[in-house]
Amino acid sequence: MDRDEARLRIDRLTEELNEHAWRYYVLDSPVISDAEYDRLARELEAIEAAFPDLVRADSPSHRVGAAPRDDFPPFRHPSPMLSIQNCFSEAEFFDFDRRIKKFLGTDDDIEYMAEPKLDGLSIELVYQRGLLAAGATRGDGTVGEDVTPNVRTIHGLPLKLRGSDPPEQLVVRGEVILEKVHFERLNREREEAGEPAFANPRNAAAGSLRQLDSRITASRPLSYMMYAAGLPVPDVDSQQDLLRRLEEFGFRVNPRSRFCRNAHEAAAAYAELLSARFSLPYDIDGMVVKVNRFELQRRLGEVSRSPRWAVAWKFPPVQETTRVQRIVVQVGRTGVLTPVAELEPVRIGGVEVSRATLHNEDEVRRKDVRAGDTVVVQRAGDVIPEIVSVVLARRPEGAAPFAMPERCPACGGPVSREEGESALRCANMNCPAQLRERLLHFASRGGMDIQGLGEKIVERLIESGRVRTAADLYRLDKEFLANIERMGEKSAANLLAAIEASKRRPLPRFISALGILHVGEHVAGLLSQRFSSIDALARASAEELTAIPGIGPEVSESIRRFFSEPQNRKIIEALLAAGVTPIAEEAKNTSAGASLAGQVVVLTGTLASMERSQAKARLEALGARVTGSVSKKTTLVVAGSDPGSKLAEAEKLSIKVIGEPEFLELIGMRKD
Ligand code: IVH
């Protein structure tokens, strides 16, 4: 290949690869396979190696990182990067709206853009004549750190602006983030390599971007979104148009940004965002509301280095600090010993938290939590609160490291740790703590739903010696119950009635109540669609079980093991003999649409006929579970228009995908 040919081919490949990377990382809709992309990338690399002086400034090969540096040179921002004032409640937000109207001397509605407040690391990018010239962190707002080689490695961040007529200079601002899945994977890898884990995605993003060796940055799957411009501002007159313009330039912008005609619409956007918070693939800690019109922004100006025209409406915090009173060890229904920190009660996101799980022995050792420590506690979504880190500076003198007990704290029996497992287990099937948990699980709402059978009574029943298995519950009589401590005649009668009523529960609830390892409500739903009785399930082979979509070898093995245990079979026989009659068909067929019990559905793209929240509610009413991302457990993907990467993911995993018409039919809403 001669020089002219090489130049032509390099031009062609660079442009093609950039186009594909933009489709993949920014639009989320690739048109070629990864293998095809790699083939083109390798071809480009080979030609670039032969003609190094022909490598273009926007070549994708720059994404691999450059030689390490000694430090980060200071970078003076062309115009200062301001910070934003916070507000913490709807009342404060409406105060903000009133202040703006007062300042502008108007009663008219103010238009706003409501944008997710990404919890990452803010950056500024400078493009000269369309080419990425510099990237910098915020620093103190006036001077930041020059991290240009590092930002070049971020996939989907344009090295060259799209479009044929780039401005002389463009200064854009946004946030570098690490999506939650990547954060978790990174931490797992670090733990395996014996390196300290990052406390949260923001720290991981910051730690990854601020690497003197940009090849390390390149190895981290960082992402970003842009949301603002520095001076000179591109030729648009509102924030809404600016975001559109940024998109045209090839940047990722947040698809969840909302145009709001007034403060009320912004408040509605906040509620929507707050409820979506934990299902987003990245962390957000609030919503930034910006006056939409630039003309108004100019008139409003700034006070004390924050603009008057923007406010960061924060979400309730998910982390708080508190003190560990003591560490106790709980025995679960399968005998697993779980260390739990008892905390000085603290309110997190509107809920009082007084306990946090420490998961297992390895976890306690890794975090080195001790009684008396001040700790950072986190609540994320519906998960059990957990301890993020210890504030070592506040550790009391003489605090002793925690050690797991050598015997079961409930029955005194030996505990063991199985090969390759992180959990310690009490092997005694009759351990009262296990029995207690098994009974509580059996009686819980997702199980046999025996109202009135709470912790205290279960403990009494076990102490009395009359109840050793779930089947014993069905042999209790009023006289006995009324005599156990703290139970009057009336409550005894109520409890007996509740036990009687529990005899006829749907089969999936009965299966779930048995407490088979890995078999929760969802798996129980799948099993009861395939097997019409508990007997049929007990006889099922491993092959029959794994043939059910959504059931893997681990779950199947656990089911087999449960039913091969003579004691478990005896309990089931005794339950059936006592009159427990699980009902095979879920009597759940509501007005229209089939029962979707056991289905795990993911929605992607836009539906023409309803909001996503409505679609979700409808699916749930029919018994389906609706989740935010596609995984092996997903059984169905509903794709509206402009579906995102979830569609590709579903296709990769061969998960059934349906469009809007089939979806409407499925939920019984077909309007013919
Ligand atoms: S606008 C003057 N928009 O929140 C306004 N900031 O200032 C400049 N942040 O550190 C910022 N998401 O890094 C803006 N959609 C968004 C944002 C956002 C996150 C961060 C930004 C800054 C902090 C508050």
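Quick note: structure is the one above.
Everything numeric in this text was worked out from a predicted model, so none of it was measured.

A. Expanded view of the side chain of Q434. Summarising the element assignment, Q434 is placed in helix α12 (residues 432–443). Taking the relative accessible area as the measure of exposure, Q434 reaches 3% and is therefore buried. Dropping the residues within four chain positions of it, Q434 is found in contact with V331, G332, R333, T334, G335, C426, N428 and M429.

B. Spatial organisation of the packing of α12 against helix α13 (residues 455–464). The geometry of α12 relative to α13 is characterised by a closest axis approach of 10 Å and an angle of 130° between their N-to-C directions. As summarised for this structure, α12 and α13 are arranged oblique, according to the angle between their axes. Regarding α12 and α13, the two cross each other, and that crossing is right-handed. Mapping the contact onto sequence places P432, L435, R436, L439 and L440 in α12 and E455, V458, E459 and I462 in α13. Here the contact of α12 with α13 is built from residues that sort into 6 nonpolar, no polar and 3 charged.

C. Layout of the sheet that holds strand β10 (residues 284–291). With respect to topology, 5 strands assemble into an open sheet ordered β2-β13-β10-β3-β9, the strand pairing being mixed. The open sheet has two edge strands with one neighbour each: β2 (85–87) and β9 (258–260). Sheet twist, expressed as the average angle between the axes of neighbouring strands with direction ignored, equals 30°. Examined bridge by bridge, strand β3 (residues 112–118) and β10 share 7 bridges and lie antiparallel to one another. The partner of K117 across the bridge, within β10, is G286. Contacting β3, β9 and β10, helix α8 (residues 239–248) crosses the sheet at an angle of about 55° to β3. In this fold helix α9 (residues 263–276) packs onto β3, β9, β10 and β13 (310–314), with an angle of close to 165° to the strand it touches most, β10.

D. Expanded view of the environment of V602. Checked against the element boundaries, V602 lands in strand β21 (residues 600–604). On a C-alpha basis, the gap between V602 and S641 in space is 14 Å, while along the polypeptide they are 39 residues apart. Sequence-distant contacts of V602, defined by excluding residues within four places in its chain, comprise T627, G628, S629, V630, T634, L636, V637, V638 and K646.

E. Fine view of the site of the ligand. Residues in close proximity to the ligand include S83, I84, E115, P116, K117, L118, S122, E175, Y227, V288, K290 and P307, which together make up its full environment. Take I84: an N or O atom from its main chain is 3.3 Å from an oxygen atom of the ligand. Protein chains bury 86% of the 510 Å² of accessible surface belonging to the ligand in isolation. When residues of the shell around the ligand are traced back to their parent elements, those giving at least two are β3 and β10. Looking at the shell around the ligand, the element that brings in the most residues is β3, giving 4 residues. The residue makeup of the shell around the ligand, split by class, is 6 nonpolar, 2 polar and 4 charged.

Calculation criteria
Residues numbered from 1 in each chain as written. Predicted model: local features only at pLDDT ≥ 70, side-chain atom pairs only at ≥ 80, totals over all residues. Heavy atoms only, no water. Helix = DSSP H or I, 4+ residues; strand = E, 2+ residues; numbered from the N terminus. Buried < 20%, exposed > 50% of the residue type's maximum accessible area, 1.4 Å probe, protein only. Contact = heavy atoms within 4.5 Å. Axes fitted to C-alpha atoms, helices over the stretch in contact; angles between N-to-C directions. Parallel < 35°, antiparallel > 145°, perpendicular 65-115°, else oblique. Left-handed = near helix turned anticlockwise from the far one by under 90°. Nonpolar A, V, L, I, M, F, W, Y, C, P; charged D, E, K, R; others polar. Pairing = 2+ DSSP bridges. Near = heavy atom within 4 Å. Polar contact = N/O pair within 3.5 Å; in protein donor to acceptor, adjacent residues only side chain to side chain. Areas by Shrake-Rupley, 256 points an atom, 1.4 Å probe, with all protein chains shown as cover.

Just geometry here; none of it tells us what the structure is for.
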